[in-house]
Amino acid sequence: MVRRDITQLAVCETQQELDSVPFECLRKFYLDKTSEIIYFTKEKKLYGIVCTREAVSGKDIITINKSFTVLQEGDIVKACRTFQSRKTRIHKIPIVNAQGELVGDYSSWDDMLYIERNRNRLMRKESVKKVLGIYHKIYMVKSIAEKLPVYIQLTGYLERFGIEYLPLDKEQIAGKLSEKACFIFVDEDERRGTECLFQIEPCFYDIRGKYIYEYDMLASAFDNLKFVTYKSLMVQIMYNNQFETLQVKKPDSVYSDLVDDKVSFLLSALNKRGVNCFCIYNFEDKDVISDYCKEFQNEVKERMAKFPRKLKKPWPQKDENPDFFDDLYQNPDYEKEIVQRETFFQLTAYEYKNGIEGKYCNAKNGRRVTCFQPEEYIGTIYTFGRCMMLGVYAEDQNAITSILQKKLMEAGYAYRVENCADMVRADCSIDERLREIGKFNQNDIIVFFSSPPHRCVGIQGIALEQIFEKHQIPSTWVEDTEYGHCNHKANRIIADEILEMVKPCLVNKPETNDREVQFCIHEEMKNYVYHRYIEHYFSDFAGGKYASVGAIVMDCDPFSIEHRYWIEWASRQVEFLILFIFERDVLTFSFEERYKMVIEGTKDIDNIMVVPSGACILSDVTFLEYFSGDKNAVIYNARNDLNVFADYIAELLHITHRFVGNETERESVKIYNEEMKRILPQKGISCVEMPAMPQGQAVCAPKAIRYLRNKEYDKAFELLPETTQKYIMNHLYLTEELKSQAE
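The following refers to the structure shown. Remember, predicted model here, so these are calculated numbers, not experimental data.

1. Looking at the packing of helix α4 (residues 111–122) against helix α20 (residues 591–601)
Next, step 1: With their axes 10 Å apart at the nearest point, α4 and α20 run at an angle of 65° to one another. As for how α4 packs across α20, the hand of that crossing is left-handed. Contacts between α4 and α20 involve Leu113, Tyr114, Glu116 and Arg117 from the former and Phe591, Glu592, Glu593, Tyr595 and Lys596 from the latter.
Next, step 2: Along the lines of polarity and charge, the residues of the contact of α4 with α20 split into four nonpolar, no polar and five charged.

Here is the structure:
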């Protein structure tokens, strides 16, 4: 998050409050101070804005928006939380003083830090040429003066790589839009502002690699992208390199948050070794949604709004949706809701390593029971993934796996179906499940159900959306999600489609050359973690030369004197110390802000390095429910995260010690720390609890956040080192009054 003062803003001062303005009157603002937002003031008081939504409407007369979020000076925490909420489409927030006068704005974009951290690794000649080679011309859009250093840096790369480009003024873009050309901007603000200038509808992925804000539909392939920024160019280079490194086929349309690259990597490895793998995902990659799908989704949403889920009976009720269980009500146990209660509550509390015994819901040896399994078989179909495959609303015989098993036997295929799905880990548990299975043979098949909106790449599959539309499945056959949590009738149709999908791989009798597939999950995961994480940040790190290497995983939200004390103390206990900074943007301060605070606050400590936690430490890949209130989910996820850390990160980096704080406030962190103390010593890693600050001066970063939220800056700054204080004042622009209060 960055702040601009009023001299940097596009401000239209009017004599009276206007409701609308001719678009032609806005052009000079977009040219002089290119930004996605223009502010309207009367006697310096803010009364309206024009942002992307209004500007790209295509109308000659633009309505001035008078309903918008505004912040009082110094309300930093609210700004951070607003930008980090995935429910918001806000990119900028105006700031006013006590008199309502516009004094500046906060922006969610922070391209510069991203570029500083990644440019050396991403800006390689071959990679840049590959991404830009599809265009006939490359235009570098001239930047405003204060952004010239970045402009020069980027053009320097292009010249060094021999990539021809033409400098271009913003006014000239209109005559070039029909060309197969790429227009490069130094940052997101100028890109969005230029889109407003030419009333171009934004339709590309979010600049930070997050879910798309402007549209629910995915954008088409990258070669349709005309306007890019320095950062989005590097993001695309990273995606291309990542898929090449992982040896996974890159689809036509791909977004990092929508691709489960761990599953893609592991299933691709199995495919190469002769185990046929398939994927079932939610949505098709298409630009236009069909009338059936629109109607289906609207009906589900309307029913969910009309009949919210009941905590005591969170399954479809007969008086609300009688079609869900339909003919099953002939069984009195369905009428009395005995079956629903048993299956739902047994499965939602089910950790897959445990067993379940019941009349309608059972699990043995860590897997939900599949009915009708043959005693003799020539191959196994393993099903992984989401709760839908586990069968959250279905008794054993009506789960997809049991229905599939019955259909296989009726068709004369001697295959066993094993239900390896689970509730707690969903997609992320596949590595542990593969380790549990251990051995595969050439007749085995894997069917993976991905959790929406994620999908695998390079793996043959089918979309549930396609299945539902093909069979015109009514919306009453699902409970509370699009194409998920189905009833027994939909399960039968899905089982039919799975059978048709895998049928070309089925054999009627054992092959004479039936053989075991050589697949070591430990080695494959080690390769995955290396390519996904280690080589990005530790390609030149020789941990083996140190007698001891320590690790601390910190969120530093914000970086406090307690964090500084712990880092100093830990750095004296080992020869070298690695600080992994929690990278997910679910805290008060963004990752870039926290990372910068730590860098600034530890420059004087020689034997440390600071790196992002990446995709393999406390991430969606390793610890999906880090902030979950579900104790069982936290415990199980903690084990997964710590096993990945110990087996694939610590081993490669020669980490001998992991340091942990004495958490007292957050239950999930307390559980994580307890699991750390139990698991890591078993892996040969010392787990060391860091001492509290001397003389009872314990400080907690959440306490500083509370003070910042209450605008008690003097109290907050007592808990923060000078470097963090300076960062907050210089980068978040506290007013002089607040600065003096903090000082």
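2. A look at the sheet that holds strand β7 (residues 71–72)
Next, step 1: Here four strands make up an open sheet; going across it, the order is β1-β9-β8-β7 and the pairing mixed. At either margin of the open sheet sits one strand with a lone partner, and together these are β1 (2–5) and β7.
Next, step 2: Where β1 meets strand β9 (residues 102–107), four bridges bridge the pair, whose relative direction is antiparallel. Residue pairing across strands places Arg4 opposite Asp105, the latter belonging to β9.

3. Structural notes on the sheet that holds strand β2 (residues 10–13)
Next, step 1: Strand order in the open sheet formed by three strands is β2-β4-β5, and the pairing between neighbours is mixed. Pairing within the sheet leaves two strands with one partner each, and these edge strands are β2 and β5 (45–50). Sheet twist, expressed as the mean angle between neighbouring strand axes with direction ignored, is 30°.
Next, step 2: Note: β2 against strand β4 (residues 38–42), four bridges, orientation parallel. Bridge pairing links Val11 to Tyr39 in β4.

4. Observations concerning the environment of Glu195
Next, step 1: Structurally, Glu195 can be placed in helix α7 (residues 188–197).
Next, step 2: Among the residues examined, Glu195 registers a relative accessible area of 1% and is labelled buried.
Next, step 3: It is 7.9 Å that separates the C-alpha atoms of Glu195 and Glu36, two residues lying 159 residues apart in sequence.
Next, step 4: A polar side-chain atom of Glu195 sits 2.6 Å from a polar atom in the side chain of Arg191.

5. Brief notes about the pattern of salt bridges
Next, step 1: The tally for this structure, following the rule as stated, stands at 42 salt bridges.
Next, step 2: Of the charged contacts in the structure, one is a salt bridge between Arg433 and Glu436, with a shortest N-O distance of 3.5 Å. Linking Arg433 with Glu436, this pair stays in helix α15 (residues 430–437), spanning three residues, or about one helical turn.
Next, step 3: Among the ionic pairs, Lys526 bridges to Glu523, the shortest N-O distance being 3.9 Å. Remark: Glu523 and Lys526 occur in helix α18 (residues 521–537); sequence separation between them is three residues, near one turn of the helix.
Next, step 4: Owing to a relative accessible area of 17%, Lys526 belongs among the buried residues under this scheme.
Next, step 5: Accessibility expressed as a relative area gives 37% for Glu523, which makes it partly exposed.
Next, step 6: When salt bridges that share partners are traced, they join Arg4, Glu36, Lys92, Asp105, Glu188, Asp189, Arg191, Arg192 and Glu195 into one network.

6. So, unusual backbone geometry
Next, step 1: Note the cis peptide between Asp557 and Pro558, where omega equals -5°.
Next, step 2: Mapped onto the elements of the fold, Pro558 is located in the loop between β25 (549–554) and α19 (561–573).
Next, step 3: Non-glycine residue Gln199 carries a positive phi angle of around 50°.
Next, step 4: With respect to the secondary-structure elements, Gln199 resides in the loop between α7 and β13 (227–229).

7. Points about the packing of aromatic side chains
The relation between two aromatic rings is expressed through the spacing of the ring centres and the mutual angle of the planes.
Next, step 1: With the rule as written, the count across this model stands at 32 aromatic pairs.
Next, step 2: Residues Phe325 and Tyr334 carry aromatic rings whose centres are separated by 5.6 Å and whose planes lie at 50° to one another, so their mutual orientation is tilted. Taken individually, Phe325 and Tyr334 each receive the classification buried, so the pair is uniform in this respect.
Next, step 3: Relative to Tyr546, the ring of Phe541 has its centre 6.2 Å away and its plane inclined at 25°; by these criteria the two rings are stacked.
Next, step 4: According to the relative accessible area criterion, Phe541 is buried, its value standing at 19%.
Next, step 5: On the basis of relative accessibility, which here comes to 21%, the residue Tyr546 falls in the partly exposed class.
Next, step 6: Grouped by ring-pair contacts, the aromatic residues Trp315, Phe324, Phe325, Tyr329, Tyr334, Phe344, Phe345 and Tyr393 constitute a single cluster.
Next, step 7: Directly above the aromatic system of Phe29 lies the positively charged group of Lys28, at a separation of 3.7 Å from the ring centroid.
Next, step 8: Lying over the aromatic face of Tyr329, Lys318 brings its terminal NZ or CZ to 4.7 Å of the ring centre.

Rules used in this analysis
Residues numbered from 1 in each chain as written. Predicted model: local features only at pLDDT ≥ 70, side-chain atom pairs only at ≥ 80, totals over all residues. Heavy atoms only, no water. Axes fitted to C-alpha atoms, helices over the stretch in contact; angles between N-to-C directions. Helix = DSSP H or I, 4+ residues; strand = E, 2+ residues; numbered from the N terminus. Left-handed = near helix turned anticlockwise from the far one by under 90°. Contact = heavy atoms within 4.5 Å. Nonpolar A, V, L, I, M, F, W, Y, C, P; charged D, E, K, R; others polar. Pairing = 2+ DSSP bridges. Buried < 20%, exposed > 50% of the residue type's maximum accessible area, 1.4 Å probe, protein only. Polar contact = N/O pair within 3.5 Å; in protein donor to acceptor, adjacent residues only side chain to side chain. Salt bridge = Lys/Arg side-chain N within 4 Å of Asp/Glu carboxyl O. Phe/Tyr/Trp six-rings, centres within 6.5 Å; stacked < 30°, edge-to-face > 60°. Lys NZ or Arg CZ within 6 Å of the ring centre and 35° of its normal.

No statement about biological role is implied by the geometric values presented.
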